[in-house]
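Structure at a glance
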Amino acid sequence: MFRPVSNKVSLPQLENQVLSFWKDHHIFEKSVEARRGAGQFTLYEGPPTANGSPGIHHVLSRVFKDIIPRYKTMKGLYAPRKAGWDTHGLPVELEIEKMLGFTSKAQIEDYGVARFNAHCRESVFRYLKEWEAMTERIGFWLDMEHPYITLDNSYIESCWWALKQLWDKGLVYQGYKVTPHCPRCGTSLSSHEVALGYRDDAQDPSVYIKFKVAKSVYKSPGFLEKLRKGYGDREADFVKWLIDLTGEKPVYLVAWTTTPWTLPGNTALAVAADAEYGIVEVDEAYLILASVRLGKVGLGDAPLVAKVTGSDLVELRYEPLFNPFDFGVTVTRMDTPEKEGQPPSNVKWKQLASFNYPVIAGDFVSLEDGTGIVHMAPAYGEVDYDAGARKGLDFVHPVDLQGEFTGNYPFSGRFVKDADPLILEDLGERGLLYRSGTITHTYPFCWRCEAPLLYYAKRTWYIGTSREKEALVLGNAKINWYPEHIKYGRFGDWLENNVDWAFSRERYWGTPLNIWSCSSCGNYECVGGIDELKAKPDLKGLVEPLDLHRPFVDGITFACSKCSGEMKRQTEVLDCWFDSGAMPVAQWHYPFENCDDFDRSFPADFICEAVDQTRGWFYSLHAISTLLFGRPCFENVICLGHILDAEGEKMSKAKGNVVDPWAMLESYGADATRWYLITSSPAGNVRRFSGSIVAEVMRNFLFTLWNTYSFFIIYANIDQFDPKLPASPSLTDLDRWVMSRLNELIADVDNALDNYDPTTAGRRIETFVDELSNWYVRRSRRRFWKSQSDADKLAAYTTLYHCLVTLSKLLAPFTPFVAEEIYRNLVCSVDSEAVESVHLTDFPIADRAQVDTQLVDATRLAMTVCSLGRAARAKAGIKVRQPLSRVLVKVRSAAERDGLQRLASQILDELNVKEVEFAEGELTGDERGYALAEEGDYWVAVATEISSELKAEGIAREVVRRLQTMRRSAGLDIADYIVTYYQGGDIVQQVMTEFADYINQETLSRELVSAPPPDSSYAEKYRISDSEIVLGIQKVTG
RNA sequence: GGGCCAUUAGCUCAGUUGGUUAGAGCACGGUCCUGAUAAGACCGGGGUCUGUGGUUCGAGUCCACAAUGGCCCA
């Protein structure tokens, strides 16, 4: 006996029972262990950032992460899945800052880093619990007993090891990075934070500045020869020509800016090499700017003295607006300027005794605004800084982290924005201001304190990833991306445009930077592990038990290997993307232990995250792996599109349009949610989330499946079907058809999953379940219902049983709960030897020999014919219940006719007609007395004439239908026997006699009694075909 | 400002190498079928395939440009 099931099922309730079963019987662990020794399939779990509650988009990625390893396990592979949690980073800190009401780093320092970080640690574990609950409930099988956690000492130590490897390869260096900086909070902002604070109505100065060409430089003895030697004849000749042209009159290069406070930091001017520049004479002086901009700045009418190209101007020198040496500000320069195409080295900064302010060429120079000459301040702009690094420009940085001027300028001590007017006034007095106005434009402000953000160069540690660009690109060529366009699109472009990774952060809650520097000689040492640290000479400040976080590592010092001075740790922490990108090694505490585990699980077969991770985890994984091992660490990756709300808007807490996964899980269950996420759109697409479609999925797919299953259980139990009996040899065409479709399905699903396409696989299953329910079972009902137990009945049971058991296995990776329920009842209930879970079985293998494509094609055509036949009946207004004499079917070929002939009984039955005839060719007009429907090359006509015999038979069917409805209304069991009473006119009497056997059989009537129904019976009165009829049914006991 | 992706019925999505009249499900109206079904069948309304050009005998499909939305980078 199978366990009886109701056709009214609560899926969420069922799922909770299945969860208990899995837990009690350790099914996940067994599913993994059963394959030990087989080939390994590795999923790298991208660690969720545990700084908030999981949302529906997290369910999405976890479902796709789950389905592939489940499939691979059933295909016989050993697929351990280690959970991971990303616990460090600015978002965690920001939440604690918010909780404590802090707005600046100073407040954290005052509060105490130890206390602050303790809050961070605690908050992270609070969210871990929520994540674990969600993960379990959606059926994402993952080893959460042994997760990697990025805050563990062991994890941090592996990160240290990884960084030390890069250090030893000379890939780690210190440079400057221009970042948006809030002068009030005293901290840099992440790009996400910057995006929060853009205002498009910011008022700023819009000023045109005159930079005086330093003709005196060229007049110094031998300079032109020097220039000729260093830069070539062209530049030297141009300078000579310019001096000849302009004589003693001053020449100015005109540049435009909206940030006058950056002018003291100006050390170069950039021009567009190919653009035309004009030299105009104004008030006994010459001005140079792009020809196309002359009119825009009011110089359209000024006398044009000469035209030159941008490249002529390159290497021209000009006088500083503010000579840094006059104002007590140092000038530095990278010792070994980074040349194009050359790897960066450990840059040393050298203080200079003189300055050099040149004109350079830049492809970033726009002729759309300004003057075509761009003011460059390497300390205050990213483009400026990059140009400075490449061309070896001077670096002047007279502003402190509070945004106030240092040195002894007239405006020193002022906040930069307040200094703007003073700077302009000063320049104006010296005749260096050409024009001054204001502009309204978009500018970023701090989202916390509304201070204008300043772009600053700050000291930062870099990893020289661009040096390994070729390896990164070659490695990517070996990765399978789904969808494919990411490979050479978004991800490939990112690699092609690779820039060095600025990986240090001036924060508190993170993996501490494992670089110490000597306070005496400036020597740097990178420490690659705890034992290495403990072995350092004259080690001080290490407190046991060791916690590898700030502030506990901050006080650890040791003796410099070069000068015996005191080595102190650099105060920064690592970008948390370094943490997660190092997970291939750090999850195992490699190379300190578990080296075998690492070897076996590297590289991963599969990873899966959303598309925003191209610059995040996908990149950090790829970069670290390539730099450490020279190869990619993942082979296949599904890159998911984002989930938007029902209106196509991004989900955000602020908008209040966030979908709570628990609402879905509680209303419709995990399987419905999973099926929706898998099949509703391809993995890589953006998708709008719709709870109503989750409900639809539950009704249309899961309930159809469930009802097919419960239909089988009901009848199999009545007939005591034993699946262990040998399969019936007398399969009908209907059976052979569904077996054909089943084996096609297995092949399709297997193939799609093998190609990381669960969506196509799921949609195929959906089609099959529909066909199984609405054709196979619908057409087979009578076979299950009939009273005699013959070979045909057994064939139907065997076939449906096989389909359902196979479906449970095919569905196991998709809807693991309902698959488990169906499998356990169909298999385990009747076979104590069977494996206890569908997830411990092998994935079905398609048997091509069982696929009869001719039969499949013929059945498809038969379905079309039935569809047209029903349409024809509807047109004539004749119910399907009324039998008709014949149907005429027009087909295209003899082969089609033969195919349909084979299935004639199905067509007769479905259309309720007595015979089918086939015609070829066009309509002849002989179809009078027929109702007709056509589609494409086909037409189907049903004879509309109803003889008295047919009419009587129709009434008999009508009576059966009423009796069945009454049985149900009376609350009878499906297998209860009844006595039927009836009263009516002649026609009723005739029908009840003539069709007595048929009616008795269909309604489980022992006898038909022509008498008024007794009071104890269930009775109703109807009008059938213009006759009054009274029917009554009474249950027979015993 | 740059790059990538998407845009097909009210909603969610199919639509093969360009080739008859662009499909399905949901929702809506009507009729039918049914002792597995919360389902199903048939009919109906609902589409300038985002727009504009181009290539072609022929474009939802290929190309260019634009719009809208999303993501990433500036």
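As the structure is a prediction and not an experimental result, all values here were calculated from the model. (Residues numbered from 1 in each chain as written. Chains lettered and ligands numbered in written order. Predicted model: local features only at pLDDT ≥ 70, side-chain atom pairs only at ≥ 80, totals over all residues. Heavy atoms only, no water.)

1. What to know about the overall build of chain A
What chain A contains, in helices and strands, is 35 helices and 36 strands. Projected onto the principal axes, the alpha-carbon positions of chain A cover approximately 130 × 75 × 50 Å. Across the 1038 residues in chain A, those meeting the buried criterion constitute 56%. Looking at chain A alone, contacts between residues at least 24 apart form 79% of all its contacts between residues at least 6 apart. As displayed, chain A offers around 44,000 Å² of accessible surface, 48% of which is attributable to carbon and sulfur atoms. Between the centroid of the 114 positive side chains of chain A and the centroid of its 143 negative side chains there is a distance of 0 Å. (Helix = DSSP H or I, 4+ residues; strand = E, 2+ residues; numbered from the N terminus. Buried < 20%, exposed > 50% of the residue type's maximum accessible area, 1.4 Å probe, protein only. Contact = heavy atoms within 4.5 Å. Areas by Shrake-Rupley, 256 points an atom, 1.4 Å probe, with all protein chains shown as cover. Lys, Arg positive; Asp, Glu negative; His and termini not counted. Charge placed at Lys NZ, Arg CZ, Asp CG, Glu CD.)

2. Observations concerning the nonpolar core
Counting 154 residues, the largest nonpolar core has Phe689, Phe712, Ile765, Phe814 and Leu826 as its most contacted members. Tallying contributions element by element places helix H25 (residues 691-718) first for this core, with 14 residues. Setting aside chain neighbours within four positions, we find Ile765 in contact with Trp675, Phe701, Leu745, Val749, Leu807, Leu810, Leu811 and Phe814. (Core = buried A, V, L, I, M, F, W, Y, C linked by side-chain atoms within 4.5 Å.)

3. Overview of the sheet that holds strand E34 (residues 1005-1010)
Spatial strand order, E34-E33-E36-E35: 4 strands in an open sheet with mixed pairing. Both edges of this open sheet fall to E34 and strand E35 (1018-1024), since each of them pairs with a single strand only. Taken pair by pair, the neighbouring strands of this sheet meet at an average axis angle of 20 degrees, ignoring direction. Helix H33 (residues 948-969) contacts strand E33 (978-984), E35 and strand E36 (1027-1035) of the sheet and is inclined by roughly 150 degrees relative to E35. Taken strand by strand, helix H35 (residues 996-1003) contacts E33 and E34, and its axis lies near 130 degrees from that of E34. (Pairing = 2+ DSSP bridges. Axes fitted to C-alpha atoms, helices over the stretch in contact; angles between N-to-C directions.)

4. Re the protein's contact with RNA strand B
Arg490, Arg615, Ser867, Arg870 and Arg967 are the nearest of the 49 residues found near RNA strand B. Backbone atoms, meaning sugar plus phosphate, form 71% of the atoms of RNA strand B positioned within 4 Å of the protein. Within the side chain of Ser867, one N or O atom sits 2.6 Å away from a phosphate oxygen of RNA strand B. For the surface near RNA strand B, the secondary structure elements donating two or more residues are helix H17 (485-496), strand E28 (687-688), H25, helix H27 (758-785), helix H30 (853-876) and H33. Ranked by residues supplied to the surface near RNA strand B, first place goes to H25 with 11 residues. (Near = heavy atom within 4 Å. Polar contact = N/O pair within 3.5 Å; in protein donor to acceptor, adjacent residues only side chain to side chain.)

5. Here we look at the sheet that holds strand E4 (residues 187-188)
Taken in spatial order, the 4 strands line up as E4-E3-E16-E18 in an open sheet, and their pairing is antiparallel. The open sheet is flanked by E4 and strand E18 (501-502), the only strands paired with a single partner. In the sheet, strand E3 (residues 172-182) pairs with E4 via 2 bridges, with the strands oriented antiparallel. From the neighbouring strand, His181 faces E4, where its bridge partner is Ser188.

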